[in-house]
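# Tertiary structure, described
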Amino acid sequence: MNNNKYKILVVEDEDNISNLVCTLLEAGGYQVISAKNCSSGQMLYFSHRPDLIILDLGLPDIDGTELLKEVRKDSLTPVIVLSARTDETDKVAALDIGANDYVTKPFGSAELMARVRSALRTSRHSSGNFSNGIFEADGLMIDYDARRVFIDNSEIKLTQTEYNIIAFLSVHSGKVLTYSAIIKEIWGYNDLGSIKKLQVNMANIRKKFGAKPGKKNYIVNELGVGYRMCERS
Ligand code: CA
């Protein structure tokens, strides 16, 4: 079983639409979490740090644009707005706040899936500036499209969290990323015990990478500061 999938948060209050979107995404190989209102959407966003958000604007508690603003304070997570509103000004406003795209209800399943793939592709490449979606450094190869990691051509099986850490470090390769920057990216805010979680994940990654003293290390622990991935070749 592949436990390393893109995680998508769906925030939509209408059951039939929410069910349809979730079913389509799951069939497409994505991991899906869903919320029926803005405040639980916000909670899920901070606790799960999804790779993409599909957001209805007309929600029962708070307008969906409030969640969009919250997300944009600290992240470039792609957001696709799902709206029944045909009013162009709503769409323009959502795009101005930082939505990546919008889909107007009713929508076709092929259209929605194409938008999802496109938003994920764009966010990957804009953050990493990699022309072909591949990171390579000294025998280490990361395929961002497939979310797979190889060392000397053999695949290293990573969990979702381990992969997210590696992908984040590789996008900023050569730079030290502080513990708190990594924690914020992977787990969000206010997560007590997350330093411990980061250390456990890093230990597992290093074990899987076969890190040995004296051998080349792809990830360097800058003690007391953070981690640095070697520069791409
Ligand atoms: Ca609605």
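These lines cover the structure that appears in this document, whether it is placed above or below. (Residues numbered from 1 in each chain as written. Predicted model: local features only at pLDDT ≥ 70, side-chain atom pairs only at ≥ 80, totals over all residues. Heavy atoms only, no water.)

## Quick look at the overall build of the protein chain
Filter applied, for reference: Runs of E in the DSSP output that reach at least two residues are strands. Runs of H or I that reach at least four are helices, and both are numbered from the N terminus. Remark: exposure states derive from per-residue accessible area (1.4 Å probe, protein chains only) relative to the maximum for the residue type, with buried under 20%, exposed over 50%, and partly exposed in between. The contact criterion used is simple: two residues touch if any of their non-hydrogen atoms lie within 4.5 Å. Residue burial considers only the protein chains on display, and all accessible areas are found by Shrake-Rupley using a 1.4 Å probe. Within this scheme the basic residues Lys and Arg register as positive and the acidic residues Asp and Glu register as negative, but His and the chain ends are omitted. Taken as the charge centre is NZ of Lys, CZ of Arg, CG of Asp or CD of Glu, depending on the residue.
The helix and strand tally for the protein chain stands at eight helices and twelve strands. Taken over the C-alpha atoms alone, the protein chain extends approximately 60 × 35 × 30 Å along its principal axes. Expressed as a percentage of the 233 residues in the protein chain, the buried residues total 43%. Contacts spanning at least 24 positions in sequence make up 62% of the contacts within the protein chain whose residues lie at least 6 apart. Total accessible area on the protein chain is roughly 11600 Å²; 51% of this is exposed by carbon and sulfur atoms. Both charge centroids of the protein chain, one from 29 positive and one from 29 negative side chains, sit 9 Å from each other.

## Quick word on the sheet that holds strand 12 (residues 226–229)
Spelled out, the test is: Whether two strands pair comes down to DSSP finding at least two bridges between them. Note on geometry: axes are C-alpha line fits, over the in-contact stretch for helices, and angles between N-to-C directions span 0 to 180 degrees.
The three strands are arranged 10-12-11 in an open sheet whose pairing can be described as antiparallel. The sheet terminates laterally at strand 10 (176–178) and strand 11 (219–222), the two strands that pair on one side only. Taken pair by pair, the neighbouring strands of this sheet meet at an average axis angle of 30°, ignoring direction. Bridging between strand 11 and strand 12 involves four bridges; their strand directions are antiparallel. Looking across to strand 12, one finds that I219 is bridged to M229. Each of strand 10, strand 11 and strand 12 touches helix 6 (residues 160–171); the most contacted strand, strand 12, lies at about 70° to it. Against the sheet, helix 7 (residues 179–187) engages strand 10, strand 11 and strand 12, with an angle of about 70° to strand 10.

## Here's the deal with the packing of aromatic side chains
Here is the rule: The pairing test for Phe, Tyr and Trp rings, Trp by its six-membered ring, is centres within 6.5 Å, and the orientation test on the planes gives stacked under 30 degrees, edge-to-face over 60, and tilted for anything in between. Both a distance and an angle decide whether a charge sits over a ring: NZ of Lys or CZ of Arg must be within 6 Å of the ring centre and within 35 degrees of the ring normal.
On inspection of all chains with the given rule, the structure shows three aromatic pairs. With a centroid separation of 5.6 Å and an interplanar angle of 80°, the aromatic rings of Y179 and Y227 are classed as edge-to-face. Residue Y179 is found in helix 7, and its partner Y227 is found in strand 12; the two are separated by 48 residues along the sequence. For the pair Y179 and Y227, one class covers both residues: buried. Lying over the aromatic face of Y6, R147 brings its terminal NZ or CZ to 4.6 Å of the ring centre.

## Looking at the packing of helix 6 against helix 8 (residues 194–209)
Just so we agree on the cut-off: Here the word oblique covers every angle except those under 35 degrees (roughly parallel), over 145 (roughly antiparallel) and from 65 to 115 (roughly perpendicular). Each residue is assigned to one of three groups, with Ala, Val, Leu, Ile, Met, Phe, Trp, Tyr, Cys and Pro labelled nonpolar, Asp, Glu, Lys and Arg labelled charged, and all others, Gly among them, labelled polar.
It is the contact of helix 6 with helix 8, at a shortest axis distance of 10 Å, that shows an interaxial angle of 85°. In terms of orientation, helix 6 lies roughly perpendicular with respect to helix 8. Packed against helix 6, whose contacting residues are T161, E162, I165, I166 and L169, the element helix 8 presents L198, N201, M202, N204, I205, K208 and F209 at the interface. A per-class count over the contact of helix 6 with helix 8 returns seven nonpolar, three polar and two charged.

Purely geometric numbers; function is a separate question.
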